[in-house]
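Per-entry structural report
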Amino acid sequence: MRFSSTDSGFVHPVPSDITPAQVYRSRRDLIRQLASGSAGLALTAWGLRQAQAQTPRAGQLAALASLPSSVPGAMTMDKLTAYKDATTYNNFYEFGTDKSDPAKRAHALVTQPWTVDIEGLVKKPGRVNLEDLMKWGAMEERIYRLRCVEGWSMVIPWVGYSMAQLIQRVEPQPGAKFVEFITQADPKTMPGLRGGALDWPYVEALRMDEAMHPLTLLAFGMYGEVMPKQNGAPLRLVVPWKYGFKSGKSLVKIRFTDKQPVSSWEKAAPQEYGFYSNVNPLVDHPRWSQATERRIGEDGLLAKKRKTLMFNGYEAQVGQLYAGMDLKKFF
């Protein structure tokens, strides 16, 4: 693992690195139509063409149909991380602590049948089959930046729906202030559980307003296909303005509570991993800088690190959630 507090600089992507040329020609056509007042239907068609051009199917797993999201901030234009990199460079300690362990070992994970328990302070608790849960919201594609606390990042096209849709459906009671997410912990299929890296099962949590934010995604797939096991099949959380470990994988329980839960990394090392864990280039990890990041797939000999953006580039969408908070204290 490589970290540096002195390696700075920002690599500005050129248009050819972000989207194909034909999409840019479509964009120019759209501008002309806007000027003539005829862009309504063209805007929808352009958005679909853009997403289809930017996110080809990987051709590895079953397809998962979706439409591009209209949620503000949900479709970043950054160049996508290659599917191979996104599925072979992972943190999923239930399968081991090396980045390659999940891809090597997660095939043993049994994802069918799969159920999720909805517990705690809700009017409609219960156990929900995956197939039913997938129907609780319309599947959207969201292209998000993913920033790891370790100092590397990716850009991944997810498929799912806003967590808010699930929350509204189960009707939280007035006292529910936090949402807790609990990962599968099966020693038979997860060899990492035999290690002492963390207390199991893996637990993460969000404040209710964070969980209700439209960008908080319950993801069932990526790259136009169902979720690979090493990435958190069959469903996971994705919270793009927080460090990646806040996005729990292979979820089996969603619990609503009136007390702030203690998340797994917070419990393991509270001086290093706070409850909020928002991406913040101004607050360093005790052992390395958070000012820059290494984009996976762009780590050639001469590649410079990118400057890390406040809230991972989602400040306009989520900054108001933390108005008045001391972000160095509530890290």
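Our structure is the block above this text.
Now for a quick tour of the structure. As the structure is a computational prediction, the values presented were derived from the model and not from experiment. (Residues numbered from 1 in each chain as written. Predicted model: local features only at pLDDT ≥ 70, side-chain atom pairs only at ≥ 80, totals over all residues. Heavy atoms only, no water.)

1. A word on the overall build of the protein chain
A tally of regular secondary structure across the protein chain gives ten helices and 13 strands. Here the contacts in the protein chain between residues at least 6 apart in sequence split such that 72% fall between residues at least 24 apart. In the form shown here, the protein chain has an accessible surface area of approximately 15,400 Å², with 55% of it arising from carbon and sulfur atoms. (Helix = DSSP H or I, 4+ residues; strand = E, 2+ residues; numbered from the N terminus. Contact = heavy atoms within 4.5 Å. Areas by Shrake-Rupley, 256 points an atom, 1.4 Å probe, with all protein chains shown as cover.)

2. A look at the nonpolar core
One broad trend across soluble globular proteins is that nonpolar side chains are buried collectively. By size, the foremost hydrophobic cluster in this structure holds 78 residues, and its most contacted members are Leu133, Leu166 and Phe256. The leading source of residues in this core is strand E5 (residues 152-162), at six residues. Discounting residues that sit within four places of it in the chain, Leu133 has contacts with Val116, Val128, Tyr161, Leu166, Leu218, Phe220 and Leu235. (Core = buried A, V, L, I, M, F, W, Y, C linked by side-chain atoms within 4.5 Å. Buried < 20%, exposed > 50% of the residue type's maximum accessible area, 1.4 Å probe, protein only.)

3. Remarks on the pairing of strand E4 (residues 140-147)
Counting buried residues in E4 gives seven out of eight residues, a clear majority hidden from the surface. Note that strand E1 (residues 67-68) and E4 share two bridges and pair parallel. Within E4, the residue paired with Pro68 across the bridge is Glu141. Pairing analysis gives eight bridges linking E4 to E5, with the strands arranged antiparallel. Bridge pairing in E5 links Arg147 to Ser153. Connecting the antiparallel pair E4 and E5 is a turn made up of four residues, with Gly151 showing a positive phi of about 105 degrees. (Pairing = 2+ DSSP bridges.)

4. Here we look at helix H7 (residues 163-170)
Within H7, burial applies to Met163, Ala164, Leu166, Ile167 and Val170. Relative to the axis of H7, the buried residues are bounded by an arc of 160 degrees and lie together on one face. Phi for Glu171, located one or two positions after H7, is positive at around 55 degrees. (Arc of directions from axis to C-beta.)

5. A few points about the side chain of Arg295
Checked against the element boundaries, Arg295 lands in strand E12 (residues 292-295). Given a relative accessible area of 5%, Arg295 falls into the buried group. Engagement of the side chain of Arg295 in a polar contact is seen with the side chain of Ser153, the distance being 2.8 Å. Sequence-distant contacts of Arg295, defined by excluding residues within four places in its chain, comprise Asp78, Ser153, Met154, Val155 and Arg306. (Polar contact = N/O pair within 3.5 Å; in protein donor to acceptor, adjacent residues only side chain to side chain.)

6. Thoughts on the packing of aromatic side chains
In the structure shown here, the tally under the stated rule is 13 aromatic pairs. When the ring of Tyr89 is compared with that of Trp152, the centres are 5.1 Å apart and the planes differ by 85 degrees; the resulting orientation is edge-to-face. With Tyr89 in the loop between helix H4 (83-88) and helix H5 (101-105) and Trp152 in strand E5, the pair connects residues that are 63 residues apart, well separated along the chain. Exposure remark for Tyr89: the relative accessible area of 23% places this residue in the partly exposed category. (Phe/Tyr/Trp six-rings, centres within 6.5 Å; stacked < 30°, edge-to-face > 60°.)

7. Some details on the pattern of salt bridges
Summed over the entire model, instances satisfying the criterion amount to 20 salt bridges. Among the salt bridges present, the one from Arg255 reaches Glu119, with a minimum N-O distance of 3.0 Å. Of the two residues, Arg255 sits in strand E11 (residues 251-257) while Glu119 sits in strand E2 (residues 115-120), which places them 136 residues apart along the sequence. On the accessibility criterion, Arg255 (25% relative accessible area) is partly exposed. Glu119 sits in the partly exposed class, given a relative accessible area of 23%. (Salt bridge = Lys/Arg side-chain N within 4 Å of Asp/Glu carboxyl O.)

8. What about the sheet that holds E2?
Pairing is mixed across the open sheet formed by five strands, whose spatial order is E3-E2-E11-E6-E7. Unpaired on one side and paired on the other, strand E3 (126-129) and strand E7 (203-207) mark the two borders of the sheet. On average, each strand axis in the sheet is tilted by 20 degrees relative to the strand beside it, whichever way the strands run. Note that strand E6 (residues 178-183) and E11 share six bridges and pair antiparallel. Paired with Ile182 across the strands is Lys253, a residue of E11. Contacts from H7 reach E2, E6 and E11, with the element oriented near 60 degrees to E11. (Axes fitted to C-alpha atoms, helices over the stretch in contact; angles between N-to-C directions.)

9. Considering unusual backbone geometry
Between Gln112 and the following residue, Pro113, the backbone shows a cis peptide bond with an omega angle of 0 degrees. Along the polypeptide, Pro113 turns up in the loop between H5 and E2. That bond from Ala233 to Pro234 is cis: its omega, -5 degrees, falls within 30 degrees of zero. Relative to the elements of secondary structure, Pro234 occurs in the loop between strand E9 (225-226) and strand E10 (236-238). One non-glycine residue, Tyr223, lies in the positive phi region at around 55 degrees. Positioned with a positive phi, Ser250 is a non-glycine residue whose angle comes to about 40 degrees. If you trace the backbone, Ser250 turns up in the loop between E10 and E11. Residue classification places Ser250 among the buried positions, given a relative accessible area of 0%.

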